[in-house]
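Spelled out from the first residue to the last, the chains are:
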Amino acid sequence: MAILVLAEHDNASLKLDTAKVVACGQAIGGEIDVLVVGHNCDGVVSEAQKLAGVRNVLVADSASYANHLAENISELMLGIASDYEHVLAPASSFGKDVLPRVAALLDVSQLSEVIEVVSSDTFVRPIYAGSVLATVQSLDDKKVMTVRSSAFDAVALDGNAERVALTQDVAPQAEFVEQSLTESERPELGSASVVVSGGRALGNSENFALLEQLADKLGGAVGASRAAVDAGFVPNDLQVGQTGKIVAPDLYIAVGISGAIQHLAGMKDSKVIVAINKDPEAPIFQVADYGLEADLFDAVPQLLAQL
């Protein structure tokens, strides 16, 4: 049985999620190959070769893949997929963009947000904002699936995979025009080991500076609830939850967040959850490892002073 893992990267370094998807591949069982699609991405290939349990790193290096357009990558993967029973990618914006196209081109159903492997054809995935876990079996010849990376631990970096250059190239299906990126010196929200999130109780965007100070002290990323995003306090790329980013850091600090089920779906797998809220009935306390019933405008400055 052969498994293909689509690597996520920025042409310079490999995203940690890829190492976690490889761990999912190991749970399935079989030979694992990693596909690196990009341009001038030798550094990424070198990192992928070190992933434990990987047999080959397939490399498609071309200017047409420089911007990782899903239309172009999916056409390439269609020509490769015939050699594999499983095709995996992280359940990130990148993976959710590419893999449904691959599944459609292969005329198979996609399995989304897999969090556990039962067998080579049976998997567990959350539904209803994570309040129910569904065990699903795929009868398709090829299993195309996105993997919720927060549910798996990254594999070690002690591998020595073979580099295999792919000669096939596809005619571009889409053309890159431009992109607008939010630049930040803080860690990326999806991969940060510490996340400090704020809710509507912060009151305005200026008060989010308190959380930014706390995040900087802890070397972490800043997140937010949907209520805070909808209120315009912070941009939507900071949203944690069912319709935002799914995170599972070592430490998650929820400040002024009540804990609606949609938010919990995005962070409840965090290793340690700390909640600060003046409402003792807030649902966030039901999932928190440590809860502080206090006004955030008193508690956070005191916490900053202690740090």
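The structure we're discussing is the one just above.
Below is a short write-up of the structure. A quick note: this is a predicted structure, and the numbers were derived from the prediction, not measured.

Conventions and cut-offs
- Residues numbered from 1 in each chain as written.
- Predicted model: local features only at pLDDT ≥ 70, side-chain atom pairs only at ≥ 80, totals over all residues.
- Heavy atoms only, no water.
- Buried < 20%, exposed > 50% of the residue type's maximum accessible area, 1.4 Å probe, protein only.
- Helix = DSSP H or I, 4+ residues; strand = E, 2+ residues; numbered from the N terminus.
- Arc of directions from axis to C-beta.
- Contact = heavy atoms within 4.5 Å.
- 1 Å grid on protein atoms, 1.4 Å probe; cavity = no way out; pocket = protein on both sides within 12 Å on 5 of 7 lines; lining within 4 Å.
- Points joined across faces, edges and corners; volume = space filled by probe spheres on them.
- Nonpolar A, V, L, I, M, F, W, Y, C, P; charged D, E, K, R; others polar.
- Polar contact = N/O pair within 3.5 Å; in protein donor to acceptor, adjacent residues only side chain to side chain.
- Core = buried A, V, L, I, M, F, W, Y, C linked by side-chain atoms within 4.5 Å.
- Pairing = 2+ DSSP bridges.

Details of helix α5 (residues 208-218)
Turning to step 1, where the next piece is worked out: Among all positions in α5, only Phe208, Leu210, Leu211, Leu214 and Ala215 are buried. Down the axis of α5, the smallest arc covering the buried residues is 145°, so these residues share one side.
Turning to step 2, where the next piece is worked out: In this fold, the buried residues of α5 make contact with β11 (194-198), β12 (221-224), α6 (226-230), β13 (251-255) and α8 (296-306).
Turning to step 3, where the next piece is worked out: Positioned one or two residues after α5, Gly219 has a phi angle of 65°, which is positive.

Let's talk about the layout of surface pockets
Rolled over the atoms, a probe as big as a water molecule pinpoints where empty space is left.
Turning to step 1, where the next piece is worked out: Empty space within the second largest pocket amounts to approximately 370 Å³.
Turning to step 2, where the next piece is worked out: Lining the second largest pocket are 24 residues, and of these Arg200, Ser225, Ala227, Ile257 and Ser258 lie nearest its centre.
Turning to step 3, where the next piece is worked out: When contributions to the lining of the second largest pocket are tallied by element, the ones reaching two or more residues are α6, α7 (261-267) and α8.
Turning to step 4, where the next piece is worked out: Residue composition of the lining of the second largest pocket, by class: eight nonpolar, 12 polar and four charged.

A closer look at the side chain of Ser138
Turning to step 1, where the next piece is worked out: With respect to the element layout, Ser138 can be found in the loop between β8 (132-137) and β9 (143-147).
Turning to step 2, where the next piece is worked out: A polar contact is formed between the side chain of Ser138 and the backbone nitrogen of Asp140, at a distance of 3.4 Å.

Comments concerning the nonpolar core
Turning to step 1, where the next piece is worked out: Counting residues in each nonpolar core, the largest one holds 32 residues, and the members touching the most others are Val34, Val36, Leu88 and Met145.
Turning to step 2, where the next piece is worked out: Among the secondary structure elements, those contributing two or more residues to this core are β1 (2-6), α1 (16-28), β2 (31-38), α2 (42-49), β3 (54-61), β5 (110-114) and β9.
Turning to step 3, where the next piece is worked out: Broken down by element, the residue count for this core peaks at six residues, all from α1.
Turning to step 4, where the next piece is worked out: Beyond its immediate chain neighbours, meaning those up to four positions away, Val34 contacts Val5, Ala7, Val22, Ala48, Leu51, Val54, Asn56, Val57 and Leu58.
Turning to step 5, where the next piece is worked out: Core analysis: the second largest hydrophobic core is formed by 26 residues, Leu35, Met77, Tyr84 and Val98 among them.

Some words on the pairing of β11
Taken residue by residue, a regular strand's side chains alternate between the two faces of the sheet.
Turning to step 1, where the next piece is worked out: Burial runs high along β11: five of the five residues are buried.
Turning to step 2, where the next piece is worked out: Burial along β11 is two-sided: Val194, Val196 and Gly198 and Val195 and Ser197, pointing in opposite directions, are all buried.
Turning to step 3, where the next piece is worked out: Of the pairings in the sheet, the one linking β11 to β13 comprises five bridges and is parallel in character. The residue bridging Val195 from the neighbouring strand is Tyr252, located in β13.

Digging into α2
Turning to step 1, where the next piece is worked out: Residues of α2 that are buried: Val44, Val45 and Ala48. Take α2 and look down its axis: the buried residues cluster within an arc of 100°, on one side only.
Turning to step 2, where the next piece is worked out: Along its buried surface, α2 packs onto β2, β3 and β10 (162-165).

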